[in-house]
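So the chains spell out like this:
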Amino acid sequence: MVVQEFTVDLNKPLVFQVGHLEERYQEWVHQPIVSKEGPRFFGNDVLEFLTRTKWWAVPTIWLPVVCFMFVKSILMGNTIQDVVLMALIGIFIWTLIEYTLHRFLFHIETKTYWWNTAHYLLHGCHHKHPMDSLRLVFPPTATAILCFPFWNLVAFFATPSTTPALFGGGLLGYVMYDCTHYYLHHGQPSTDPAKHLKRYHLSHHFRIQDMGFGITSSLWDAVFGTLPPSMTPGKKN
């Protein structure tokens, strides 16, 4: 008796289908469908709504929080120069977090039903439908949840007065990351460095998906040896 392999029906909600692909999931999810209209995730309308986010929601919601953090740090005794320095440190640390999450979490290889399902929700959907504009930035609800452990992590290493500024810098780095990521997919840059970053990121999507994990820069790819071959110094594009 021959058992027929499971096939994903793109006309039905996808989230609870993809897990059935098991070992074939990784191959399937890295075969992109280039369409501006994203698929339906859930049959439930409320859950479906929570998966969709306009890009401008990210700066609208989080930039006021960033400003609040900087002001709070100043009111706790830090100078403006101190806050600027700590903000820059926070942004720099975020670039490493961005790279680390993208390389080791977003691109983790899965093959069981629930791990495939979780990966698709986290990042797989973006590789399968890279031009889906409503699922390109991180939903604010999920970001708010993640803010708590990140705040506690910063507070563990920093002083009470510097924690808000460092956290605010990291949060600003995140806003820059999400807005940059959206622009690299839907903008049409004509000059560097944006033009280079777009080419660099699209190479990750459509050419070498296990390299080029930086979004806002290629710094950490260069440091950790994950630059795509054509982007390596000394090699021609």
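Computed from a predicted structure; not experimentally measured.

What counts, and at which threshold
Numbers given to residues run from 1 along each chain, matching the order in which its sequence is written. With the structure being a predicted model, the display of local features is reserved for residues of pLDDT at least 70 and the display and counting of side-chain atom pairs for 80 or more, all residues being used for whole-chain, interface and lining totals. Excluded from the side-chain calculations are hydrogens and water; all other atoms, namely the structure's heavy atoms, are used. Only Phe, Tyr and Trp rings are paired, with Trp represented by its six-membered ring, and only when their centres lie within 6.5 Å; those with planes under 30 degrees apart are stacked, over 60 edge-to-face, the remainder tilted. Note on classification: 1.4 Å probe, protein chains only; a residue is buried when its accessible area is under 20% of the maximum for its type, exposed when over 50%, partly exposed between these limits. Distance and angle both matter: a charge sits over a ring if NZ of Lys or CZ of Arg is within 6 Å of the ring centre and within 35 degrees of the ring normal. UniProt positions are given in the numbering used here, feature names are shortened, and annotations may be inferred rather than shown by experiment. Under the DSSP-based scheme used, a helix requires at least four consecutive residues in state H or I and a strand at least two consecutive residues in state E, with every element numbered from the N terminus. Both cavities and pockets are sets of points on a 1 Å grid over the protein atoms alone; in a cavity a 1.4 Å probe fits but cannot get out, in a pocket the set is open with protein on both sides within 12 Å along at least five of seven lines, and lining residues sit with an atom within 4 Å of a point. Grid points are joined across faces, edges and corners, and a volume is the space filled by probe spheres set on the points. Think of it as three bins: nonpolar holds Ala, Val, Leu, Ile, Met, Phe, Trp, Tyr, Cys and Pro, charged holds Asp, Glu, Lys and Arg, and polar takes everything else, Gly as well. Without a salt bridge and with relative accessible area above 30%, a residue can belong to a patch; like charges are then joined within 9 Å and nonpolar side chains (Val, Leu, Ile, Met, Phe, Trp, Tyr) within 5 Å. Computed with a 1.4 Å probe, the accessible areas rest on the Shrake-Rupley method; for each residue, only the protein chains presented here act as cover. Take a side-chain nitrogen of Lys or Arg and a carboxyl oxygen of Asp or Glu: if they are within 4 Å of each other, that pair is a salt bridge. Any helix carries an expected span of 1.5 Å times its number of residues minus one. Bend at a given residue is defined as the angle between two axes, one fitted to the seven residues that end at that position and one fitted to the seven that begin there.

Overview of the packing of aromatic side chains
For step 1, the next point in the chain: In the structure shown here, the tally under the stated rule is 16 aromatic pairs.
For step 2, the next point in the chain: With 4.9 Å between their ring centres and 90 degrees between their planes, Y113 and W114 make a pair best called edge-to-face.
For step 3, the next point in the chain: Under the relative-accessibility criterion, W114 is labelled exposed at 58%.
For step 4, the next point in the chain: Put simply, the rings of F92, Y99, F213, W220 and F224 pair up and form one aromatic cluster.
For step 5, the next point in the chain: In this structure, K128 packs its charged tip against the face of W28, placed 4.3 Å from the ring centre.
For step 6, the next point in the chain: When the ring centre of F41 is taken as origin, the NZ or CZ atom of R135, which lies over that ring, is 3.7 Å away.

As for the UniProt feature "transmembrane region" (unreviewed entry) in the protein
For step 1, the next point in the chain: As recorded in UniProt, the sites labelled "transmembrane region" (unreviewed entry) are residues 55–71 and 83–101.
For step 2, the next point in the chain: Between the end C-alpha atoms of residues 55–71 there is a gap of 26 Å, over a span that is 88% helix and 0% strand.

Some points on the layout of surface pockets
For step 1, the next point in the chain: Approximately 1,200 Å³ is the volume attributed to the largest pocket.
For step 2, the next point in the chain: Taken together, 41 residues make up the lining of the largest pocket; nearest its centre are F138, A142, T143, L146 and Y174.
For step 3, the next point in the chain: Listing elements by their share of the lining of the largest pocket, those giving two or more residues are α3 (45–50), α5 (80–105), α6 (113–128), α7 (140–157) and α8 (163–186).
For step 4, the next point in the chain: When residues of the lining of the largest pocket are assigned to their parent elements, the largest contribution, 10 residues, is made by α7.
For step 5, the next point in the chain: Its residues assigned to classes, the lining of the largest pocket comprises 30 nonpolar, eight polar and three charged.
For step 6, the next point in the chain: In this structure, the second largest pocket spans a volume of roughly 150 Å³.
For step 7, the next point in the chain: Along the walls of the second largest pocket sit F49, L50, R52, T53, K54, L134, P139, P140 and T141, which together make up its complete lining.

Some remarks on a nonpolar patch on the surface
For step 1, the next point in the chain: On the surface, a nonpolar cluster with roughly 700 Å² of combined accessible area is contributed by L85, I89, F92, I93, L96, L219, V223 and F224.
For step 2, the next point in the chain: Among the elements of the structure, α5 and α10 (219–224) are those that each provide at least two residues to the nonpolar patch.
For step 3, the next point in the chain: Sorting elements by how many residues they give to the nonpolar patch places α5 first, with five residues.
For step 4, the next point in the chain: In this structure, I89 sits in helix α5.
For step 5, the next point in the chain: Judged by relative accessible area, which is 37%, I89 ranks as partly exposed.

Thoughts on unusual backbone geometry
For step 1, the next point in the chain: A cis amide bond links D192 to the next residue, P193, at an omega of 10 degrees.
For step 2, the next point in the chain: Following the sequence through the fold, P193 ends up in the loop between α8 and α9 (194–206).
For step 3, the next point in the chain: Phi is positive for E22, close to 50 degrees, though the residue is something other than glycine.
For step 4, the next point in the chain: Summarising the element assignment, E22 is placed in the loop between α1 (15–18) and α2 (25–29).
For step 5, the next point in the chain: Residue E22 is classed as partly exposed on the basis of its relative accessible area, which comes to 43%.

Some words on α7
For step 1, the next point in the chain: End to end, α7 covers 26 Å across 18 residues, agreeing with the expected 26 Å (1.5 Å per residue, within 8%).
For step 2, the next point in the chain: Helix geometry: α7 is bent most strongly at C147, by close to 30 degrees, with proline P149 lying one to four residues after it.

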